[in-house]
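Take a look at the letters that make up each chain.
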Amino acid sequence: MITQTVFDSPVFQMACEQYDHIADWLGIGQSERERARLPKRTLVVQVPVRMDDGRVENFQGYRVQHHLTIGPTKGGIRYHPDVTIGEVAALAMWMSWKCALVGLPFGGAKGGVTCDPRKMSIGEIERLTRRFTQELIPIIGPQVDIPAPDLGTNEQTMAWIMDSYSTQVGHSVPGIVTGKPVCIGGSLGRREATGRGVAYLVNRAMDTLKIPAEGASVVIQGFGNVGFHTAFALSRHRTRIVAVSDYRGGIYCKEGLHLDKLAVHIQKTESVVGFEGAEPVSNEELLTLPCDVLIPAAVERQVTADNVGKLRCRILAEAANGPTTVEADHVLRKSDIFLLPDILCNSGGVIVSYFEWVQDLQNFFWTEAEVNDRLYRILEQTFSHVMQFAKREKLYHRDAAMAIGVKKVADAKKVRGLFP
Ligand code: GLU
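All values reported here derive from a predicted model rather than from experimental measurement.

Undergrad: Whenever I open this one, the packing of aromatic side chains confuses me. Can you help?
TA: Centre distance and the angle of the planes are the two values used to describe a pair of aromatic rings. As enumerated under the stated definition, the model contains 11 aromatic pairs in all. Taking 6.0 Å as the distance between ring centres and 80 degrees as the angle between the ring planes, the aromatic pair formed by W25 and F389 counts as edge-to-face. Taken as a pair, W25 in helix α1 (residues 10-26) and F389 in helix α13 (residues 368-393) lie far apart in primary sequence, 364 residues in all. Over the ring of W366 we find R374, and its NZ or CZ is 4.5 Å from the ring centre.

This is the structure:
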């Protein structure tokens, strides 16, 4: 048994503990368990970038491919000052269970560069992205590993990756990344997909608990692509988005925030902070506001042993990856908070990434209605499966979702056997 790895960190430990808990429940033996726990392949690269002032700065970048058993690997690329190899490995592992749970033919992957894109110019970010792509060339490809956006990256980043890769091979390869602009082979509905998926599942959870959507109060931590589109999608059902936050702070308005006006404010100031008619709240206060639905949509490890006892929501919808620690899970498991676990709750993004990849490979593009219809069908099926499984086996929702995902990967590994 390998006891120490380069991935060791609180977040990797957390992903491993979740996995081991399920592996115990499924009765997976020690050697098979180890095989599926540690990432199959990891690349660490130095990314030298010429900065605007003429200096050359070296950044550290990673790509972790968790398992290669079912098909190519899939997952986003994160630009953030806190990126570590352990975090990227944990996120890659969660991608594996997520793809398996919703039935996509992918293993999980994740990439990242430790940098602060907020402090970099567009030109610097472009040069960083192009050089990082160049360094990743040995292990990415439309049949090998397909990156996508994550925290700190967006459609423009994906366009640069697609361009850098295509320039290398001598022809356009749209299938190398997903989440790119529609004009170069992106899919309609990909930008909104994660948020739409979260909103769809929150609605299903509200139906289950018989909470009327109209007037239901929603709190969202993190107002990037996912938080923003979740808010808009939920507001179509006349819910009240009472509080939202970003890295600079939070805002609260009991009657519900006016989202169109908020979008204009964000465009002007690049933050939700200072929005007229709303009171300021800290990120910590925001998590414990009374509400029907609490949606962490930022980074990992936000619901912890320290604050879990103070949550006053009825539904916890994990739009972020890994927002709840294992210690907090021990408390939630016994509470009557309805959990939409991350690998289910935020799966809309990678589902539509899969559609984008399929469209690129076939050079045959779908309408937005087709994309959304297929998205909702997969979400509906998976939601029902997780709920029925949890009920039948008397499992916590996270354990049910994980058990379905982990078992699919374990079964695939078993039937393929060991080479040589
Ligand atoms: N970064 C997103 C996630 O965590 C999307 C990944 C993808 O579309 O490949 O699910």
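Undergrad: How should the site of the ligand be read in this particular structure?
TA: Taken together, 14 residues surround the ligand, and among them K74, K98, K110, D150 and S353 come closest. K74 places a side-chain nitrogen or oxygen 2.8 Å from an oxygen atom of the ligand. N321 places a side-chain nitrogen or oxygen 3.0 Å from an oxygen atom of the ligand. Burial of the ligand by the surrounding chains reaches 93%, relative to a free accessible area of 290 Å². Taken together, the elements giving at least two residues each to the shell around the ligand come down to β3 (73-80), α3 (85-102), β5 (145-149) and α12 (348-362). Here the shell around the ligand is composed, by residue class, of four nonpolar, five polar and five charged.

Undergrad: What's the story with the sheet that holds strand β2 (residues 56-65) in this structure? I'm lost.
TA: Hydrogen bonds along the backbone pair up the strands of a sheet, which may run parallel or antiparallel. An order of β1-β2-β4-β3-β5 is seen for the five strands of this open sheet, with the pairing classed as mixed. In the strand order of this sheet, the two ends are held by β1 (41-50) and β5, each with one partner. On average, each strand axis in the sheet is inclined to that of its neighbour by 25 degrees, with strand direction left out of account. The pairing of β2 with strand β4 (residues 107-114) spans five bridges and is antiparallel. Along β4, the bridge assignment pairs Y62 with G112. α3 contacts β1, β2, β3 and β4 of the sheet and is inclined by roughly 155 degrees relative to β4.

Undergrad: Whenever I open this one, helix α6 (residues 190-209) confuses me. Can you help?
TA: Every α-helix winds through 3.6 residues per turn, so residues three or four apart in the chain are directed the same way. Across its 20 residues, α6 extends 29 Å between first and last C-alpha, which sits within 8% of the 28 Å expected from 1.5 Å per residue. At R196, α6 shows its maximal kink, close to 25 degrees. Counting buried positions over the 20 residues of α6 gives 14, a clear majority of the element. Two residues or fewer past α6, K210 is found with a positive phi of approximately 60 degrees.

Undergrad: I tried to follow the side chain of R63 on my own but got confused; where do I start?
TA: Note on placement: R63 falls in strand β2. Owing to a relative accessible area of 0%, R63 belongs among the buried residues under this scheme. There is a polar contact of 3.1 Å between the side chain of R63 and the backbone oxygen of G76. Within the structure, the side chain of R63 is placed 2.7 Å from the side chain of D145, a separation counted as a polar contact.

Here is what the cut-offs are and how they apply
All chains use their own residue numbering, which begins from 1 and follows the written sequence. A pLDDT threshold of at least 70 governs which residues receive local features in this predicted model, and a stricter bar of 80 or more applies before side-chain atom pairs are shown or counted, although totals over entire chains, interfaces and linings include all residues. Excluded from the side-chain calculation are hydrogens and water; included are all heavy atoms of the structure. Two aromatic rings, drawn from Phe, Tyr or Trp (for Trp, its six-membered ring), form a pair once their centres lie within 6.5 Å of each other, and the interplanar angle then sorts them: stacked below 30 degrees, edge-to-face above 60, tilted otherwise. Secondary structure elements follow DSSP: runs of H or I no shorter than four residues count as helices, runs of E no shorter than two count as strands, and numbering proceeds from the N terminus. The rule is short: NZ of Lys or CZ of Arg within 6 Å of the ring centre and within 35 degrees of the ring normal puts a charge over the ring. Near is defined per residue: the residue qualifies when any heavy atom it owns lies within 4 Å of the molecule or strand. The definition of a polar contact used here is a pair of N or O atoms within 3.5 Å, where within protein one atom must be able to donate a hydrogen and the other to accept one, and adjacent residues in sequence count solely through side-chain atom pairs. For the area figures, the Shrake-Rupley method with a 1.4 Å probe applies, and any residue is considered shielded solely by the protein chains shown. Residue classes follow a fixed rule: Ala, Val, Leu, Ile, Met, Phe, Trp, Tyr, Cys and Pro count as nonpolar, while Asp, Glu, Lys and Arg count as charged, and any other residue, Gly among them, counts as polar. In short, DSSP must find at least two bridges between two strands for them to pair. Only the stretch in contact is used when fitting a helix axis, every axis being a line fitted to C-alpha atoms; angles between N-to-C directions are given from 0 to 180 degrees. Any two residues whose heavy atoms approach within 4.5 Å at even a single point are treated as in contact. Multiplying 1.5 Å by the residue count of a helix minus one yields the expected span of that helix. Bending is quantified residue by residue as the angle between axes fitted to the seven-residue window ending at that residue and the seven-residue window starting at it. Exposed residues in this analysis have more than 50% of their type's maximum accessible area, buried residues have under 20%, and partly exposed residues fall in between, with area computed by a 1.4 Å probe over protein chains only.

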